[in-house]
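Topology and contacts: notes
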Amino acid sequence: MKRFLLVSLSSAFALTLQAESVKSLSDFQAAAEKAKAVLVIPEWPKTPIEVQGEVNTAIAKANAALDLIGKQDLAKASFQSTVVALDNIQNEAQIAVAKAVVIQQTNQDPAMREAAEKSVKVFQDWAVGVDYREDVYKAVKAFADTKPKLEGEDALLLEHALRDYRRAGLALPPDKRAEVEKLRKELAQLETDFQANIVAVKAPVVFTKAELEGVPETILESPGVKTGDDSYTLLANVTFHYNTVQETAKKEETRKHLYQVRFNLAREKNVPLLNNILTHRNQIALKLGYKSWDDFQTEIKMAKSGAAARTFINDLVAGLQPKFDAEVAELRKLKVAQTKDSNAQINKWDWRYFQNELKKDQYTVDTDALRVYFPFQRTLDGMFNIYQNIFGLKFTKILAPQKWVDDLQLYVVADASSGEPLGMFYLDMFPRDGKFNHFAQFGIVPGKLLTDGKYQRPTVALVCNFPPPTKDKPSLLSHSDVETLFHEFGHALHSILTRAKYVRFAGTNVPADFVEAPSQMLQNWVWEKKVLDTFAADYRDPSKKIPAEMITKMKEAKLATVGVYYRRQFTFADVDLTLHDVHPEGEPYDSVALSNPIFAKDFFPVDNTAFVAFFGHLAGYDAGYYGYAWADAIAADMATVFEKSPNGYFDKSAGMKLRQEIYAPGGSREVDISIRNFLGRDRSIQPYLKTLGIETPAKAGSAPPAESNPGAAPPQPPKP
Ligand SMILES: [Zn+2]
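Rules used throughout
Sequence order sets the numbering: in each chain, residues are counted from 1 along the sequence as written. Note on the predicted model: pLDDT of at least 70 is required for a residue's local features to be given, and 80 or more for side-chain atom pairs to be given and counted; whole-chain, interface and lining totals, by contrast, use all residues. Working from all heavy atoms in the structure, the side-chain values ignore hydrogens and water. Only buried residues count toward a nonpolar core. Its members are Ala, Val, Leu, Ile, Met, Phe, Trp, Tyr and Cys residues joined through side-chain atoms within 4.5 Å. Relative accessible area decides the class of each residue, using a 1.4 Å probe on protein chains only: under 20% of the type maximum gives buried, over 50% gives exposed, and in between gives partly exposed. When checking whether two residues touch, look at their non-hydrogen atoms; a contact exists if any pair is within 4.5 Å. If DSSP finds at least two bridges between two strands, the strands pair. Every helix listed is a DSSP run of H or I at least four residues long, and every strand listed is a run of E at least two residues long, numbered separately from the N terminus. Whenever a helix is involved, its axis is fitted only over the stretch in contact; in every case the axis is a line through C-alpha atoms, and angles between N-to-C directions fall within 0 to 180 degrees. Oblique is the label for any angle not under 35 degrees, not over 145, and not in the 65 to 115 range, which are roughly parallel, roughly antiparallel and roughly perpendicular in turn. Ten residues, namely Ala, Val, Leu, Ile, Met, Phe, Trp, Tyr, Cys and Pro, are considered nonpolar, four, namely Asp, Glu, Lys and Arg, are considered charged, and the remaining ones, Gly among them, are considered polar. A donor here means any N, O or S atom no more than 2.8 Å from the metal (3.2 Å for Na, K and Ca); water is not included, so a site may seem to lack partners. By definition, a salt bridge exists where a carboxyl oxygen of Asp or Glu is found within 4 Å of a side-chain nitrogen of Lys or Arg. In a helix, the anticipated span is given by 1.5 Å times the number of residues less one. In the analysis that follows, any N or O atom pair within 3.5 Å is treated as a polar contact, provided that within protein one partner can donate a hydrogen and the other can accept it, and provided that, for residues neighboring in sequence, both atoms belong to side chains. Charged residues are defined narrowly, with Lys and Arg counted positive, Asp and Glu counted negative, and His plus the chain ends left uncounted. Stacked, tilted and edge-to-face pairs are distinguished by plane angle, under 30 degrees for stacked and over 60 for edge-to-face with tilted covering the rest, among Phe, Tyr and Trp rings (Trp via its six-membered ring) whose centres lie within 6.5 Å.

Moving on: the nonpolar core. Note that soluble globular proteins tend to have their nonpolar side chains buried in a common cluster. Counting residues in hydrophobic clusters, the biggest one holds 148 residues, and the most contacted among them are Tyr 387, Phe 395, Phe 425, Met 429, Phe 489, Phe 514 and Trp 525. For Trp 525, the residues in contact, after removing those within four places along its chain, are Ile 386, Ile 390, Phe 486, Val 531, Phe 642 and Tyr 649. Among the nonpolar cores identified, the runner-up in size contains 37 residues, and Ile 69, Ala 77, Val 120 and Phe 123 belong to it.

Given below as structure tokens:
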């Protein structure tokens, strides 16, 4: 209570101090009016009861609106009374739940977070049922049966609505539909169990000090590790423990032992579970009329078919192989020298260790020393300048009438030439107790053309965890933090710059294997000295810029290991697609037998492991792992538009093109069209291979037609 008082006092103080200089939303209302834009700062619920009340009210309103759609005279069903009505419902419901999500992830009061978490769960359970409302489906179907002449985004809206119903099984006869529903419910439970087993598994492995030669003292002395006079307990299930041992333990036996434990984690429980999951997925796909689960999953992505995803990965493997082989040969040289065994080979438990040796020997970069060049505020302003400039925007800080944390900031984004307000973003940048602990952009208000003809401009929140300032130093970011900032802010722009008419297609509502691509592309900016020099400077003496050789060295280090990194990524994608490929109905699955030969393709085969049991992406990103590489490939391809422009990464015409062809349309047209318009040509995987250090075009990578040369997309790469 006392704390709350303090917070309010300091807010009030800040308010009076800033009142003179800081603008408020009202300063933008005239421009918004002129542009027929609706710009509203969200009202935030203040108590747990209000949080739950808001979501419950939204659900009740949505149910009433759904009833109206279902009860209408089917003979008069129209575009407005069916699919547009559904989009209107989604708009209101989404704003309510999005606020609850932000509260859940950021609020300082545990009771608020708890109430929000409960509400989000209630909402999710409710949302699943919406797809199964037969009455609503009948209305949409009745309208579709009139064979309406729709165009562009309107046509797509109807198409997607019907597609969702078909995928949920509503187009099937009732008995078959019931089977699909039953299988889906069972599948959801099996997937939950699979993930729970991965989280729950613990595999302590005890070593002596001698066995752990090379492993840093910091980890050996950390709590829980030293468990006896000469015994150290490491957990094979803890990625940080595993990676540290793999990178630093000199004794091969130690690395091998831990490897074998890790690659058998959760095996007893999860292998039969996974086989059952695969059976369920295959049955669902077949009952819905697909050849395989990967066809079902990719239908709504850019790839559109399992075969296209497969071709993409195969092409990349072929293109990457020489680079991979060359990297492994380098690592082998180190092993031969160290073991004096001329036949030494690089095994799965060796590559991390020798990569680390290679980096220590040849590419020493003290990445921590770079932090002095990236004080938080200067970096943020620097990024703002670049994005404002290339995208023709103006960001203005305004007063946030309600704050969930004292240092919260709110900005209005406007078009620089017309002054049209385009949206708003909150910045919540530093860690604290109970806060979401990664970096993400959360949508709050989506873009949407309202029924009165005005456009609802989006509001988003950027929630990050940069190192906080200390008594004697400002917040100093690492280079990788700066990369993350450029990436996440890219998502914010994707949301805010939307012009899509419907929530369904607004902002980042694009296929999952594309959504990361624009932001991945923007990461390139922070690897260019010219870009960094516009803002990065030693906070103690701003005349000091980043030494060029540091950037060069970091690039070299990245390039020296990228072949192994991506080859392994492609292995995971290959395993994922293989498990979800065509499979005869009724034939039992043996996920280990299907996957182990693929795991054996990058490094030497390893007997008696079952990594699929610990591969969490198989429940949630199933038949989607290829998407990481797909998005990376498109990102590299799109970056060439800037790289070939007169002003490179500062090029305003390339930036405006990105804004108009990628950000503005969002998902309102086929993403393939947007990308082609932006590139001015078909897609190619050559630029991507080039970023992997492959200069000689491999025949497999020679700019295949867009359809067979898919591109990629979701969240962070895996831990395996
Ligand atoms: Zn992202």
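This brings us to the sheet that holds strand E2 (residues 204–207). Pairing within the open sheet is antiparallel, and its 3 strands lie in the order E2-E4-E3. Strand pairing shows two members of the sheet lacking a second neighbour, E2 and strand E3 (226–228), which therefore form its edges. The mean angle between the axes of side-by-side strands here comes to 35°, regardless of whether they run parallel or antiparallel. One ladder, built from 2 bridges, connects E3 with strand E4 (residues 231–235); its direction is antiparallel. The residue bridging Lys 226 from the neighbouring strand is Tyr 232, located in E4.

The phi torsion at Lys 304 lies on the positive side, around 70°, for a residue other than glycine. Its location among the elements puts Lys 304 in the loop between helix H13 (293–298) and helix H14 (306–339). Relative accessible area serves as the criterion here: at 37%, Lys 304 is assigned to the partly exposed category. At Ala 623, a position not held by glycine, the phi torsion is positive, near 55°. Here Ala 623 falls in the buried class, since its relative accessible area comes to 0%.

Another point: the packing of helix H4 (residues 80–106) against helix H7 (residues 152–168). In the contact formed by H4 and H7, the axes pass within 10 Å of each other and the chain directions differ by 80°. Judged by the inter-axis angle, H4 sits roughly perpendicular to H7. On H7, the residues touching Val 83, Val 84, Leu 86 and Asp 87 of H4 are Leu 157, Leu 158, Ala 161 and Tyr 165. Split by residue class, the contact of H4 with H7 holds 7 nonpolar, no polar and 1 charged.

Coordination of the zinc ion by the protein involves His 487 (NE2), His 491 (NE2) and Glu 516 (OE), with metal-donor separations of 2.0 to 2.1 Å. Donor residues binding the zinc ion come from one chain and are separated in sequence as H-x3-H-x24-E. Within this pair, whereas His 487 is found in helix H17 (residues 479–496), its partner Glu 516 is found in the loop between H17 and helix H18 (517–522), the two being separated by 29 residues in sequence.

Once that is clear, we can look at the pairing of strand E11 (residues 459–463). Among the 5 residues of E11, 5 are classified as buried, and the element is accordingly described as predominantly covered. Covered by surrounding structure in E11 are Thr 459, Ala 461 and Val 463 together with Val 460 and Leu 462, the residues of both alternating faces. Sheet analysis places strand E7 (residues 421–428) next to E11, joined by 5 bridges and oriented parallel. Within E11, the residue paired with Leu 427 across the bridge is Leu 462. The pairing of strand E8 (residues 440–445) with E11 spans 5 bridges and is antiparallel. Residue pairing in the sheet places Phe 442 in a bridge with Ala 461 of E11.

Turning our eyes to something else, we now look at the pattern of salt bridges. The final tally for this structure, using the stated rule, is 44 salt bridges. In this structure, Asp 574 and Arg 310 form a salt bridge, with 2.7 Å as the shortest nitrogen-oxygen distance. One end of the pair, Asp 574, is in helix H20 (residues 548–579); the other, Arg 310, is in helix H14, and 264 residues separate them in sequence. Taken together, the shared-partner salt bridges connect Glu 252, Arg 255, Lys 335 and Asp 350 into one network.

Let us look at helix H8 (residues 174–200). Its 27 residues place the ends of H8 39 Å apart at the C-alpha level, agreeing with the 39 Å of an ideal helix rising 1.5 Å per residue. Those residues of H8 not exposed but buried are Arg 177, Val 180, Leu 183, Leu 187, Leu 190, Glu 191, Phe 194, Asn 197 and Ile 198. Buried residues in H8 make contact with helix H6 (134–145), H7, helix H12 (267–287) and H13.

Note on placement: Ser 231 falls in strand E4. Engagement of the side chain of Ser 231 in a polar contact is seen with the backbone nitrogen of Gly 228, the distance being 3.2 Å. The residues touching Ser 231, leaving out its near neighbours within four places in the chain, are Val 206, Phe 207, Val 225 and Lys 226.

Below, the discussion takes up the side chain of Asp 576. Considering the arrangement of structural elements, one finds Asp 576 in helix H20. It turns out Asp 576 is buried and unbridged, and the closest side chain with the opposite charge, Arg 281, is 6.2 Å from it. In terms of polar contacts, Asp 576 uses its side chain to reach the backbone amide nitrogen of Tyr 625, at 3.0 Å. Sequence-distant contacts of Asp 576, that is, excluding residues within four places in its chain, are made with Leu 618, Tyr 621, Asp 622, Ala 623, Gly 624 and Tyr 625.

What follows concerns H7. Between the first and last C-alpha of H7 there are 24 Å, a value that for 17 residues agrees with the 24 Å anticipated at 1.5 Å per step. Along H7, the residues that are buried comprise Glu 153, Asp 154, Leu 156, Leu 157, Leu 158, His 160, Ala 161, Arg 163, Tyr 165, Arg 167 and Ala 168. For H7, the secondary structure elements touched by its buried residues are H4, H6, H8 and H13. Positive phi appears at Gly 169, one or two residues downstream of H7, with a value of about 100°.

Attention shifts here to the sheet that holds E8. Think of a sheet as strands paired side by side through backbone hydrogen bonds, with each pair either parallel or antiparallel. The strand order across the open sheet built from 5 strands is E5-E6-E7-E11-E8, with neighbouring strands paired in mixed fashion. The open sheet terminates on both sides in strands that have one partner only, identified here as strand E5 (393–398) and E8. Across the sheet, the axes of successive neighbouring strands diverge by a mean angle of 25°, strand direction being ignored.

This part is about the packing of aromatic side chains. Within this structure, the stated rule accounts for 50 aromatic pairs. On the basis of an interplanar angle of 20° and a centroid distance of 4.2 Å, the ring pair of Tyr 259 and Phe 263 is categorised as stacked. Using a relative accessible area of 2% as the deciding quantity, one classes Tyr 259 as buried. Of the residues examined, Phe 263 reaches a relative accessible area of 7% and is grouped as buried. Between the aromatic rings of Trp 404 and Tyr 426, the centroid separation amounts to 5.0 Å while the plane-to-plane angle is 50°, which identifies the pairing as tilted. Of the two residues, Trp 404 is situated in the loop between E5 and strand E6 (409–415) and Tyr 426 in strand E7; the sequence distance between them amounts to 22 residues.

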